[in-house]
Amino acid sequence: MNTIVLSKISSYDRTMQLLGGMWFMLLALGVAINIGSSADKPWPSFLSSVCLATFYVLLALLTVTRSPAKAQADGVLPGIAAFVGTYMPWTIAFFGKTDQALPNLASTACVLIGMIMMLATIRHLGRSFSLVPQARNVVQTGPYRWIKHPLYLAEEIAVLGVMLRNPTPLTAVLLVLHIGVQVCRIYYEEDLLRRNCPEYAGYEASRWRLIPHVW
């Protein structure tokens, strides 16, 4: 890969890091403002908001600290899938939320599980974290010993938690659409790793994608 291509990837990376970090911090700020203006709300609602704000801050930090890529998926579709998959589900937070205890407790549980899984994954993934499918290295430790995409699984559980804060037909449709987009991102990422990381072939053949013995 020549210097010009690497420079373009680096510039794109820096731009996406900045915009992505700002977006998630904006979401965290929006939830924090809501927390401040709803001191009289039931404690399950307060708890779910605190967990969600913390999760958004975590996403912002991961976005701005990821390492440079050595290769990036070609074409427009991987970029569109990454953009929609990364930003679309979190817009659910703007739809308002229920004050009912059960949905908020379920939301808190999902966001916490997703956050813990993400932190455990990042511990082994290091700073190899990206929005658009990019090749850095093939991690085979921690949750990557069992499945190839634990970070996508963690994110989907957290997205489910956000949806449960406002369980409506519209948010359910957004969740289903997001799952479809994430599947596309998985295929794009796997194709990129096959072409740029020779060690990926052996790793891929012995691992499930998301759920052992299912897919």
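Cut-offs used in this document
- Residues numbered from 1 in each chain as written.
- Predicted model: local features only at pLDDT ≥ 70, side-chain atom pairs only at ≥ 80, totals over all residues.
- Heavy atoms only, no water.
- UniProt positions renumbered as here; feature names shortened; annotations may be inferred.
- Helix = DSSP H or I, 4+ residues; strand = E, 2+ residues; numbered from the N terminus.
- Axes fitted to C-alpha atoms, helices over the stretch in contact; angles between N-to-C directions.
- Parallel < 35°, antiparallel > 145°, perpendicular 65-115°, else oblique.
- Left-handed = near helix turned anticlockwise from the far one by under 90°.
- Nonpolar A, V, L, I, M, F, W, Y, C, P; charged D, E, K, R; others polar.
- Salt bridge = Lys/Arg side-chain N within 4 Å of Asp/Glu carboxyl O.
- Buried < 20%, exposed > 50% of the residue type's maximum accessible area, 1.4 Å probe, protein only.
- Patch = residues over 30% accessible without salt bridge, like charges linked within 9 Å, V, L, I, M, F, W, Y side chains within 5 Å.
- Areas by Shrake-Rupley, 256 points an atom, 1.4 Å probe, with all protein chains shown as cover.

(A) Structural context of the UniProt feature "transmembrane region" (unreviewed entry) in the chain. Here the UniProt feature "transmembrane region" (unreviewed entry) sits at residues 18-37, 43-64, 76-95 and 101-122. Helix makes up 100% of residues 43-64 and strand 0%, whereas the separation of the span's terminal C-alpha atoms amounts to 32 Å. Segment residues 101-122 splits into 100% helix and 0% strand. End C-alpha atoms: 31 Å apart.

(B) How the structure looks around the packing of helix 4 (residues 101-125) against helix 5 (residues 150-165). In the contact formed by helix 4 and helix 5, the axes pass within 7 Å of each other and the chain directions differ by 160°. Taken together, the axes of helix 4 and helix 5 lie roughly antiparallel to each other. Handedness of the crossing formed by helix 4 with helix 5: left-handed. Looking at side-chain class alone, the contact of helix 4 with helix 5 contains 18 nonpolar, five polar and one charged residues.

(C) Representation of the pattern of salt bridges in the model. A complete count under the given rule lists four salt bridges for this structure. Of the charged contacts in the structure, one is a salt bridge between Asp191 and Arg195, with a shortest N-O distance of 3.1 Å. Of this pair, Asp191 and Arg195 both sit in helix 6 (residues 169-196), separated by four residues, roughly a single helical turn. Taking the relative accessible area as the measure of exposure, Arg195 reaches 48% and is therefore partly exposed. Look at the salt bridges and you will find they share partners, linking Lys148, Glu190, Arg194 and Arg209 into a network.

(D) Region of the structure containing a nonpolar patch on the surface. Taken together, the side chains of Met25, Val57, Leu61 and Val64 make up a nonpolar region of the molecular surface, amounting to roughly 320 Å² of accessible area. Sort the elements by how many residues they give to the nonpolar patch and helix 2 (residues 43-65) lands first, with three residues. The residue Val64 is located in helix 2 in this model.

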